[in-house]
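An overview of the molecular structure
One letter stands for each residue in the lines below.
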Amino acid sequence: MSTLLLMSLAQLLAASDVTVPVVELHNAAVKGSKMPAIGLGTGGYGSGFAHTYSYQAVKDWLDVGGRRIDTALEYRDQVNISRAIRDSSVPREELFITSKLPNVGANVAATVDVILGQLNVSYVDLLLVHEAYNQCCDIHYSPTHENCTGPTPSNSSCRQITWGEMLKVYKAGKAKAIGVSNFESKHLADIVAMGLSQNEMPAVNQFEFSPYWHEDVWASRTEPAPSDPYEVCPLHPARGLVEYSRNLGMVVNGYSPLAGPDVAPERDGWVDNRTMLDEPILIEIGKHYNKSAAQIALRWEWQLGVVTNPRTHSREHMMENLNIFDFELSASDVYKISYEIPIPNRTSCPINQANKNYCCHKVCADPMAVY
């Protein structure tokens, strides 16, 4: 039996006993709120995937020792998640449930009640505004437009209205902490402009972060990297989002930390149909530590201070994801992952079909396009 196979079996046996670090949340968070460093992403299970995936994935995640679950109203999987929680033996107080709602302005309270009803809980541990774009008068969330009898609020005003309503939900005890998702610095500036106290600012900013998409690492480099993503992705000029978020007291939460290996190649048309898990640099580094490519990427993110929620419905992969806290990457390995992994090319891009490299390394829509 190979050494790597023996290592994998040992990891599986030890997974349920692993201790996952936690980070303390500040700002708009109940004192003492702690967020596990690794969670289970569920986006896609209830839409692009079979609906049964979300139930079994969450049930397996809880069974192997995972405790943080990341979902959203938009994912359409919260009812199945509530069933998985009900059928597990894990007490509610041991769980950390994150959900998200659209930027719906005065409709926040009603939307939160829908979320809590679907999850069958009285509160969520973390509630995020899912996107920065204006849905204050979206007919789907305000069918009678009772809150939009006048002009539609501007984009900045909508974000401010939504955040004011989020604070009401937080103070009512329906969320132990509140934050934002897919907010760039320019979007966070709208909340800063509200003149709030520190304990009314977002506790978390969740955005895409992976070896393929980590703007702040590129921006902070002291010597040129092999290629500059800003030359082929001019839509995304903002740098310093991690630093800006942290300076405001927020925890940085990275989604798609493995760049969506289950869906990205076929959905985004990457030329060589490879995924991050096929990256030679990650594989080679993994051999040194007896870890998989996924574990190396997740450990890299953790050492950069980013908590993550990789999506998987593989029980084995869940166990691997939990076992990233028993080793430490060297500085040279962190550098290799940050600067030497080549950016994959796309044959298609939703933003600009003419430029095949444009946004080539981004799995989800680019928030910089939102004004």
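Reading the values: the criteria
Residues numbered from 1 in each chain as written. Predicted model: local features only at pLDDT ≥ 70, side-chain atom pairs only at ≥ 80, totals over all residues. Heavy atoms only, no water. Helix = DSSP H or I, 4+ residues; strand = E, 2+ residues; numbered from the N terminus. Buried < 20%, exposed > 50% of the residue type's maximum accessible area, 1.4 Å probe, protein only. Contact = heavy atoms within 4.5 Å. Areas by Shrake-Rupley, 256 points an atom, 1.4 Å probe, with all protein chains shown as cover. Pairing = 2+ DSSP bridges. Salt bridge = Lys/Arg side-chain N within 4 Å of Asp/Glu carboxyl O. Axes fitted to C-alpha atoms, helices over the stretch in contact; angles between N-to-C directions. Parallel < 35°, antiparallel > 145°, perpendicular 65-115°, else oblique. Left-handed = near helix turned anticlockwise from the far one by under 90°. Phe/Tyr/Trp six-rings, centres within 6.5 Å; stacked < 30°, edge-to-face > 60°. Lys NZ or Arg CZ within 6 Å of the ring centre and 35° of its normal. Polar contact = N/O pair within 3.5 Å; in protein donor to acceptor, adjacent residues only side chain to side chain. Lys, Arg positive; Asp, Glu negative; His and termini not counted.

What follows covers the overall build of the protein chain. Within the protein chain one finds 14 helices and ten strands. By the burial criterion, 57% of the 371 residues in the protein chain qualify as buried. Restricting the contact set of the protein chain to residue pairs at least 6 apart, pairs at least 24 apart contribute 77%. Total accessible area on the protein chain stands at roughly 15400 Å², and carbon and sulfur atoms take up 53% of it.

Here we come to the sheet that holds strand β9 (residues 251-255). Reading across from one edge, β3-β4-β5-β6-β7-β8-β9-β10 is the order of the eight strands in this open sheet, with parallel pairing throughout. Sheet topology places β3 (40-41) and β10 (307-308) at the edges, where each strand pairs with a single neighbour. Looking at chain direction, strand β8 (residues 204-208) and β9 are connected through five bridges and run parallel. Within β9, the residue paired with N205 across the bridge is V252.

Below, the discussion takes up the pattern of salt bridges. With the rule as written, the count across this model stands at twelve salt bridges. In this structure, the salt-bridge partner of R315 is D60, at a minimum N-O distance of 3.1 Å. Here the residue R315 occupies a position in helix α13 (residues 315-322), and D60 occupies one in helix α2 (residues 52-63), the gap between them amounting to 255 residues. Residue classification places D60 among the buried positions, given a relative accessible area of 12%.

Further remarks concern the packing of helix α11 (residues 280-289) against helix α14 (residues 331-339). Pairs of packed helices are described in terms of their axes, by the angle between the two and the distance that separates them. In the contact formed by α11 and α14, the axes pass within 10 Å of each other and the chain directions differ by 160°. Classified by the angle between their axes, α11 and α14 sit roughly antiparallel to one another. In the crossing of α11 with α14, the sense of the turn from one axis to the other is left-handed. On α14, the residues touching I281, L282, I285 and Y289 of α11 are D333, K336 and I337.

Between helix α12 (residues 293-303) and α14, the least distance of the axes is 11 Å, while the angle of their chain directions is 105°. In this view, α12 runs roughly perpendicular relative to α14, as classed from their interaxial angle. Where α12 abuts α14, its residues I296, W300 and Q303 lie against V334, I337 and S338.

Non-glycine residue N120 carries a positive phi angle of around 60°. Within the element layout of this structure, N120 appears in the loop between α4 (108-119) and β6 (126-129). Overall, the relative accessible area of 66% leaves N120 in the exposed class. The residue N290 is not glycine, and still its phi comes out positive at about 55°. As for its placement among the helices and strands, N290 is situated in the loop between α11 and α12. Accessibility expressed as a relative area gives 33% for N290, which makes it partly exposed.

Applying the stated criterion across every chain yields a total of four aromatic pairs. Ring plane angle 90° and centroid distance 5.8 Å describe the contact between W302 and F325, whose orientation is recorded as edge-to-face. Within this pair, whereas W302 is found in helix α12, its partner F325 is found in the loop between α13 and α14, the two being separated by 23 residues in sequence. Positioned above the aromatic ring of Y55 is the side chain of R83, whose terminal nitrogen or guanidinium carbon lies 4.4 Å from the ring centre. Taking NZ or CZ as reference, R299 lies 5.6 Å from the ring centre of F327, over its face.

This paragraph deals with the environment of E316. Along the polypeptide, E316 turns up in helix α13. Along the primary structure E316 and D60 are separated by 256 residues, whereas in three dimensions their C-alpha atoms are 9.7 Å apart.

Bringing the environment of Q206 into the picture now. Counting through the fold element by element, Q206 comes out in strand β8. Residues in contact with Q206, not counting those within four places in the same chain, are D70, K100, L128, V180, S181, N182, N253, Y255 and N309. One polar contact links Q206 to D70, side chain to side chain, over a distance of 3.0 Å.

Below, the discussion takes up the side chain of E301. For E301, the location among the structural elements is in helix α12. For the buried residue E301, which engages in no salt bridge, the nearest side chain bearing the opposite charge is R68, 9.8 Å off. For E301, the contacting residues outside a window of four places in its chain are F209, S210, P211, P257, V306 and T308.

As a further point, take the pairing of strand β7 (residues 178-181). Across the two faces of β7 the burial is the same, with I178 and V180 and G179 and S181 all buried. In terms of strand pairing, β6 meets β7 through three bridges, oriented parallel. From the neighbouring strand, V129 faces β7, where its bridge partner is V180. Relative to β8, β7 runs parallel, the two being bridged by two bridges. Bridging across to β8, S181 finds its partner in Q206.

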